[in-house]
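# Breakdown of the fold
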Amino acid sequence: MTAKAMLCRCEDVTLDEVMEALEAGHRDIESVKRYTGFGTGWCQGKQCVVACARILAKATGRAPELPITPRPPLHPVALGVLASLGDAEEG
Amino acid sequence: MAPRRILPTDLPPGSPLARRLAALGSSGRVTVEHDGSPVAAVEGEPLAVSLLAAGQLTLARSVKYHRPRGAMCLRGDCDGCLVRVDGVPNVMSCQTPARAGMVAQSQNAFPTAGIDVLRVTDWFFPRHLDHHHLLVQFGGALNRTMQVFARRMAGLGTLPDAIASFPRSESLDVDALVVGAGSSGVACANALARGGARVLLVDEREGPGGMRRDDPMDDRAYPGCDPAVTVRYGAGAVATYDDETLVIHEGRGVTVRARARVFATGARESVGVFSQSDVPGVFTARAFALALCHGVLAGERVALVGDGLFARSIAATLGDRVTHSPGAAVVEALGGRAVKGAKLREGGREWTVKCDALVVDGELGAAYELAGQAGASVLWSDGRQCFVPESDAEGATSREGVYVAGSLRWGRIDHDARARDGAAVGARALRDLRGEGR
């Protein structure tokens, strides 16, 4: 394997790519996400959003105020489960 | 040497972990299958832990570079332990209790996760492959060819073997929903129930205790739930909307309507960012400790870095079997298919250790996502260096009826402090439910 520092292991986004995004002028976490795709994989940022925010804080002198928007679901959910929500048994 | 199971007699007499393992006993031995080979497991333990105990470090390949992937957090917070189970792809094996006859297959690899020819992608792009831009800058036929190539090479598992049927969903109406049955969640649910509220307490794990379940130095009994609390374990909250929360309980969707929602979802561990941090055999300290609490030593030669609660408990449990560098930082993990060593740094000094498990008690984040979805304002905390839901002295957030408690709110505080916080937040939520004002 080649030596890579994975910032986002779900989407294989390296620290290098994030630094490149910064050099390209992306200074806020939402733009860095859109540019590199970090935080868009299986874990939806549970592992990498904080790491990226810390890197931004170091590089720009200011941490992002807000995280990327945490959207449902927290974990991937089978579509069949969502489809079955219509006909619930009342408890 | 590979990971292996340990016995209470392998540990110093009187060690809390020895007592915990003795209490587990030797019941529930079952066999599961992984890539055609039988694997000895203990019924109900996380499948990822069974696979780890059998020395199966590499379970899949990463989506783009086909780098080896293995269990890393064991908490459902990473992509490491995804396997195909009984014909269903992308199952988080750390969240799946082992059952007799389960068939697990590694995924996203050709021909196997151990020897994957597609790993050449990793060598072709030694710095990185900027697929977001590379694949869109060519027009017409070339672009279509690139897309086909990318689809073949990348992605997660393949479609399920069969069309599954899903059980009917359920809908519950309660006064208060508490998410997380750790020290603060249980104390909070008890406070609410004792005040007469109808309370539902859910936790994705198989029992109460939260982080205490994973601490090998903690063998005290967990505080009980008041009988008036409705408790569901193996029930993970996955989404919150305006007034509804979706919980998945044993594969079934449960829609919960609650006037008060308390999130006691805790903190989240990560190893941090360093070169090769994704190599199988690199674990968070909590993951390594969790496996230990199931009697599984995830490596024979353990390099332990960091000074958090789990690192200290691992060091206290295993003594000189681990090389503990509390103040060091990891520069690089060494090894290809599995970790072979680590380059560490402390105070200007750099050195290399050999190991087959690199255990890092690194950066903590707050598990803020559900509270954020529910409408609580989540802001960066300079003190904790992570995003945290804003809350007042009693855990009320910016959103009416949404509260936070315990480690989510405070970071790593001790058990008694978490329980006190949970009780205080429960009392506040109760007052609000009764309309007694703030």
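Here we summarise the structure given alongside this text. (Residues numbered from 1 in each chain as written. Chains lettered and ligands numbered in written order. Predicted model: local features only at pLDDT ≥ 70, side-chain atom pairs only at ≥ 80, totals over all residues.)

Turning next to the interface of chain A and chain B. With 49 residues of chain A in contact, the opposing surface of chain B contributes 57 residues. Within the residue set of the side of chain A that touches chain B, elements represented by two or more residues are strand 1 (6-8), helix 1 (15-23), helix 2 (29-36), helix 3 (49-60), helix 4 (79-83) and strand 3 (89-90) of chain A. When residues of the side of chain A that touches chain B are assigned to their parent elements, the largest contribution, four residues, is made by helix 3 of chain A. Considered class by class, the residues forming the side of chain A that touches chain B number 28 nonpolar, 10 polar and 11 charged. (Contact = placed C-beta atoms within 7 Å. Helix = DSSP H or I, 4+ residues; strand = E, 2+ residues; numbered from the N terminus. Nonpolar A, V, L, I, M, F, W, Y, C, P; charged D, E, K, R; others polar.)

So, about unusual backbone geometry. Of note, the bond from Pro72(A) into Pro73(A) is cis; its omega dihedral lies within 30 degrees of zero at -5°. The backbone phi angle of Asp12(A) is positive, close to 55°, even though this residue is not glycine. With respect to the element layout, Asp12(A) can be found in the loop between strand 1 and strand 2 (13-14). On the basis of neighbour count, Asp12(A) is assigned to the buried category, with 28 C-beta atoms found within 10 Å. Notably, Asn90(B) is not glycine yet its phi reads approximately 55°, a positive angle. Here Asn90(B) lies in strand 7 (residues 88-92). (Buried ≥ 20, exposed ≤ 12 C-beta atoms within 10 Å, placed from the backbone.)

This paragraph deals with the pairing of strand 20 (residues 329-334) of chain B. Residue and element names in this part refer to chain B. Pairing between strand 20 and strand 21 (residues 341-346): five bridges, direction antiparallel. The residue of strand 21 that forms the bridge with Ala-333 is Ala-342. In this antiparallel pair of consecutive strands, strand 20 and strand 21, the connection spans six residues, and Gly-335 shows a positive phi of 115°. (Pairing = 2+ DSSP bridges.)

This part is about helix 2 of chain A. Taken residue by residue, helix 2 of chain A has Ile29(A), Val32(A), Lys33(A), Tyr35(A) and Thr36(A) as its buried positions. Directly beyond the C-terminal end of helix 2 of chain A, a positive phi value near 85° is found at Gly37(A).

The strands that make up a sheet pair up through hydrogen bonds in the backbone, lying either parallel or antiparallel. All names here are of chain B. Reading across from one edge, 16-23-18-19 is the order of the four strands in this open sheet, with parallel pairing throughout. For this open sheet the edge positions go to strand 16 (282-284) and strand 19 (322-325), each flanked by a neighbour on one side alone. Taking each pair of neighbouring strands and ignoring which way they run, the sheet shows an average axis angle of 20°. The pairing of strand 18 (residues 302-305) with strand 23 (residues 357-360) spans four bridges and is classified as parallel. When the sheet's bridge partners are listed, Leu-304 is paired in strand 23 with Val-359. Those strands touched by helix 7 (residues 285-293) are strand 16 and strand 23, and its axis lies near 85° from that of strand 16. Relative to strand 19, helix 8 (residues 309-318) is tilted by about 145°, and along the sheet it contacts strand 18, strand 19 and strand 23. (Axes fitted to C-alpha atoms, helices over the stretch in contact; angles between N-to-C directions.)

Moving on, we get to the packing of helix 6 (residues 183-194) of chain B against helix 11 (residues 415-433) of chain B. All names here are of chain B. Contact geometry of helix 6 with helix 11 gives a least axis separation of 7 Å together with a crossing angle of 35°. Classified by chirality, the crossing of helix 11 by helix 6 is right-handed. When helix 6 is examined against helix 11, the residues Ser-183, Ser-184, Gly-185, Val-186, Ala-187, Cys-188, Ala-189, Ala-191 and Leu-192 are found in contact with a partner set consisting of His-415, Arg-418, Ala-419, Asp-421, Gly-422, Ala-423, Val-425, Gly-426, Ala-427, Ala-429 and Leu-430. Grouping the amino acids of the contact of helix 6 with helix 11 by side-chain chemistry returns 12 nonpolar, six polar and two charged. (Left-handed = near helix turned anticlockwise from the far one by under 90°.)

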